[in-house]
Every structure is written in C-alpha cells, then in structure tokens.
Amino acid sequence: MLARSDFRSDTVTQPDAAMREAMAAAVVGDDVFGDDPTVQQLEAHAAALLGKDAALFLPSGTMANQVAVRVHTRPGDEVILHEGCHVYRFEQGGLAALHGVQAVPLPGAAGQVPLAALRGALRPDDQHFPRSRLIVLENTHNLCGGVVLPQTYVTQVRDLADELGLQLHLDGARLANAAAASGSSIASAAAPAHSVTLCLSKGLGAPVGTMLAGSREFCSAARRARKLLGGGMRQAGVLAAAGLVALSDWLPRLQRDHLLARQLAASLATIPGVLVQPPETNLVVLTLESAPQEAVRAFLARAGVLCVGFGPGRLRFAVHRDVSEVDVERAVSALQAAMTTGGA
Ligand SMILES: Cc1ncc(COP(=O)(O)O)c(C=O)c1O
C-alpha cells in the first residue's frame, strides 16, 4: 500500500505506545455512576489546566459545544457568533435542531466579530424579540486558518458580555495551540469564558475526547445535558487514560507542529500560482490562483498526500504529531507537480 502523508486534519493521529499501554492498564469504574477514578483524575487535571472549578469528559468537541449551548440557553433564545465558527457551520444546525435556539451569525476578520457589531446584535427587552443569551468565540479559529484570537479581544468580549448580561462560551478545540503560539497559559486563554472546551483528539493526539470546563454549577448542569445527548459513558477511564497521556506527553510538543507548519507554508509559497496564508499555529491554508481545486486535491491524493478542500479555491493542510519533515517535503513536491500539470 502507498504510504500516506496525511494532512487532512490533526484528528488523524494514531494513539502512541504510551497511550495504548495507559489504556490497557487503566483502573475504571462506571462514569455515569460517577465512580471511574481515571475519568475523575482527567477531569481534575483538565479543570486545573483550564483554570476552572470543574471539568467534564465528553466524546467529542461537537457534543461539548452543544452541551454548553444547552446549559446556557432556553428555547427561543439567540446565540451571537462568528459566521465561520464551527458551532454555526459544522454542527448540523444543532442550535436549532437540538435546542430550539436561533443563531445570529456575524462577519469579522480573523475570527473576530467587531465589538460594535456584537453590541448591535443585542435584542432590546421587548415582547416581540427573542432573548439574546450567549456569545460563542472560537480559538484558534479553524475556518480563518488556525488564527489565534488576541487575548485583549477575548477579554473585551467578556466585559461586553458582562455589561449586556450575556454568557460567553469559548470553543477551544485548539486552545492548546493558541496558548502555545501566544506563549500564554491555557488557563489565561480560557479565563474570560464562562465555559470552555479543549479537544484531546486533535493536536494532542488522543483517540477520543473533549474536555468542557466551567463553574461547578455549570458542570453539574452539563453532566445532565451530556446524558440527554447520549454522551454518558461507562468504563470511560480506558479513554481518559489516553487523554492523560495526551496532556502530559503531547501538550508540551505543540510548538514543533507550529514550526513544521511554518516550514511547509514557506516552501508551498514558492510554488507559482499558490498563495499561502502565513500560519499562526498548525493549520496551513492556501489559495490556488486559477488551478481547479478538486483536480489538484485529487492529484495530491494519488501521490499519497492527503489534504482537504477548504472553500472555493482553498486547500487546508493540518500539521500534527504524525507528520514529519519527510511528509512536508513530499507535500511540497506533489503540489509542485500538480501545479505543473494543472492537476491533470
Ligand atoms: C473549532 C472546532 N470546534 C469543534 C470541533 C468538533 O470536534 P469533534 O470533531 O471532536 O466533534 C472541531 C472539529 O474539527 C473544530 O475544528
């Protein structure tokens, strides 16, 4: 079989030997009864890391976001968010389908809706209008190319939320990347949010799992909502054990992925007809000036280099633990060849 250089997502990593050993050796209980010691250990560790009172282990980032929305809102409420954010774009309309809430999607460069626009979206207290309830931010912002939200912006959004009586949820699927890139702690990046997620199964390399953190009261309501959505797991310590390895072994290594992403971007940028957005973290997004996106992506796949289409004319390469400098060189040569032939 052709060896693959898999840049489709940072979710494609294989659990390493230490994770598999920890999973095999995990002491487990029944987490719905609240007595799985390994899940408890992971939740305590994640709460401290995220600087919150408590944390909850969930199967996925999507479920963690949806649980947070469920806890913060009531049917008929409005959620104000960036038009390109995961909660709005990539969660099957869960806001409406699962919770009966209405989205107010707003534009903004680099994942940042201007403060004036957020303020302008607030509904007056009037019986005709829905109630504005929640602001959602995403850091790093996937669709904007893995960009890091400036901490001053996140803090200003929290101040605004306090002034307007709104809650702030932070989709921090890649918050560890944001913290590594800005040289801050994960806790300080999460501090302004009432609730925050952190995916263990993206750059941190665990096979499954997302942490959702907030106040004790929030997390006890989230535990209930998680059960409703089918996310109550039993001997989940087997999975939590891999998450603990992800936090101890792989969290400190994210800078390496960012460095490799910059190397990839610099080399891809030398190819005629390719415009590369300078990466801030582990995601490299390029725009093809005129070559057909799907033909180029398919050409790369035939050469064993996998990436994803990312909107018209755009391709995304995610750098992660399981890609090496050899994979980067291969991706560059394959794109050079694709651009020479126009993907034919
Ligand atoms: C920013 C962001 N939030 C949430 C998710 C959802 O995570 P999951 O795939 O674990 O549901 C993703 C997935 O890629 C993401 O990029």
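Since the model is a prediction, treat every value here as computed from it, not as a measurement. (Residues numbered from 1 in each chain as written. Predicted model: local features only at pLDDT ≥ 70, side-chain atom pairs only at ≥ 80, totals over all residues. Heavy atoms only, no water.)

Draft legend 1. Inspection of the overall build of the protein at higher detail. Scanning the protein from terminus to terminus reveals 14 helices and 13 strands. In terms of overall size, the protein behaves like a compact globule, its C-alpha atoms giving a radius of gyration of 21 Å where 344 residues would be expected to give roughly 20 Å. Dimensions of the protein, computed from the C-alpha atoms along their principal axes, are close to 60 × 55 × 35 Å. Of all 344 residues assigned to the protein, the portion counted as buried reaches 54%. Considering only residue pairs separated by 6 or more positions, the protein has 75% of its internal contacts joining residues 24 or more positions apart. Accessible surface for the protein amounts to roughly 14,200 Å². Of this, 55% is attributable to carbon and sulfur atoms. In the protein, 29 positive and 31 negative side-chain charges are present, and the distance between their average locations comes to 4 Å. (Helix = DSSP H or I, 4+ residues; strand = E, 2+ residues; numbered from the N terminus. Rg over C-alpha atoms; globule rule 2.2 N^0.38 Å. Buried < 20%, exposed > 50% of the residue type's maximum accessible area, 1.4 Å probe, protein only. Contact = heavy atoms within 4.5 Å. Areas by Shrake-Rupley, 256 points an atom, 1.4 Å probe, with all protein chains shown as cover. Lys, Arg positive; Asp, Glu negative; His and termini not counted. Charge placed at Lys NZ, Arg CZ, Asp CG, Glu CD.)

Draft legend 2. A look at helix α8 (residues 175–182). In terms of residue burial, α8 counts as a mostly covered element, since 6 of its 8 residues are buried. Taken residue by residue, α8 has Leu175, Ala176, Asn177, Ala178, Ala179 and Ala180 as its buried positions. Among the residues trailing α8, Gly183 stands out with phi positive, at a value near 70°.

Draft legend 3. Structural context of the site of the ligand. With respect to spatial proximity, the complete set of residues near the ligand consists of Ser60, Gly61, Thr62, Asn65, His86, Glu138, Asn142, Asp171, Ala173, Arg174 and Lys202. Separating an oxygen atom of the ligand from a backbone N or O atom of Gly61 is a distance of 2.8 Å. Within the side chain of Asp171, one N or O atom sits 2.7 Å away from a nitrogen atom of the ligand. Sorting elements by how many residues they give to the shell around the ligand places helix α3 (residues 61–72) first, with 3 residues. For the shell around the ligand, the residue count by class is 1 nonpolar, 6 polar and 4 charged. (Near = heavy atom within 4 Å. Polar contact = N/O pair within 3.5 Å; in protein donor to acceptor, adjacent residues only side chain to side chain. Nonpolar A, V, L, I, M, F, W, Y, C, P; charged D, E, K, R; others polar.)

Draft legend 4. Molecular detail of the pattern of salt bridges. Following the criterion strictly, the structure yields 13 salt bridges and no others. For Arg234, the salt bridge identified is with Asp30, shortest N-O distance 3.2 Å. Here Arg234 is found in the loop between α10 (216–228) and α11 (237–250), whereas its partner Asp30 is found in the loop between α1 (17–25) and α2 (37–50), with 204 residues between them in sequence. The class for Arg234 is partly exposed, based on a relative accessible area of 38%. (Salt bridge = Lys/Arg side-chain N within 4 Å of Asp/Glu carboxyl O.)

Draft legend 5. A look at the packing of α8 against helix α12 (residues 254–268). The interhelical angle for the contact between α8 and α12, taken along N-to-C directions, is 75°, at an axis separation of 9 Å. Here α8 is positioned roughly perpendicular relative to α12, judged by the angle of their axes. Side by side, α8 and α12 meet where Ala176, Asn177, Ala180 and Ala181 of the first sit next to Leu254, Gln255 and His258 of the second. (Axes fitted to C-alpha atoms, helices over the stretch in contact; angles between N-to-C directions. Parallel < 35°, antiparallel > 145°, perpendicular 65-115°, else oblique.)

Draft legend 6. Region of the structure containing the domain arrangement of the protein. Taken as a whole, the protein is organised into domain 1 (5–12 + 253–341) and domain 2 (17–250). A straight line from the C-alpha centre of domain 1 to that of domain 2 covers 28 Å. Each partner contributes to the interface: domain 1 provides 18 residues, whereas domain 2 provides 21 residues. Regarding the contact of domain 1 and domain 2, the summed buried area is about 1,800 Å², with carbon and sulfur atoms giving 50% of it. Taken as a group, Arg253, Leu254 and Arg321 account for 35% of the area that domain 1 buries against domain 2, more than any other trio of residues on that side. Remark: the boundary between domain 1 and domain 2 carries 1 salt bridge. In this structure, Arg174 and Asp10 form a salt bridge, with 2.7 Å as the shortest nitrogen-oxygen distance. Among the elements that line the side of domain 1 that touches domain 2, the one with the most residues is α12, at 4 residues. Of the residues in the side of domain 1 that touches domain 2, the class split is 4 nonpolar, 7 polar and 7 charged. (Domains from an automatic or database assignment. Buried area = accessible area lost by both parts, 1.4 Å probe.)

Draft legend 7. Representation of the sheet that holds strand β13 (residues 314–318). Here 4 strands make up an open sheet; going across it, the order is β9-β10-β13-β12 and the pairing antiparallel. Every other strand in the sheet has two partners, leaving β9 (274–276) and β12 (308–309) as the edge strands with one partner each. Looking at chain direction, β12 and β13 are connected through 2 bridges and run antiparallel. Paired with Gly309 across the strands is Leu315, a residue of β13. (Pairing = 2+ DSSP bridges.)

Draft legend 8. A look at the nonpolar core. Grouped together as the largest cluster of nonpolar side chains are 55 residues, with contacts concentrated most on Leu50, Phe57, Leu118 and Leu175. Among the elements that take part in this core, α11 stands out by supplying 7 residues, more than any other. For Leu118, the contacting residues outside a window of four places in its chain are Ile80, Leu106, Val113, Ile135, Tyr153, Val157 and Leu160. In terms of nonpolar packing, the next biggest core, distinct from the first, is built from 28 residues, Leu268, Val274, Leu300 and Val319 among them. (Core = buried A, V, L, I, M, F, W, Y, C linked by side-chain atoms within 4.5 Å.)

Draft legend 9. Fine view of the packing of helix α13 (residues 293–302) against helix α14 (residues 325–341). Closest axis-to-axis distance for the α13/α14 pair is 9 Å, and the angle between their directions is 135°. When the interaxial angle is binned, α13 and α14 end up oblique. Every pair of crossing elements has a handedness; the one defined by α13 and α14 is right-handed. Of the residues in α14, those in contact with Val296, Phe299 and Leu300 of α13 are Ala334, Leu335, Ala337, Ala338, Met339 and Thr341. Looking at side-chain class alone, the contact of α13 with α14 contains 8 nonpolar, 1 polar and no charged residues. (Left-handed = near helix turned anticlockwise from the far one by under 90°.)

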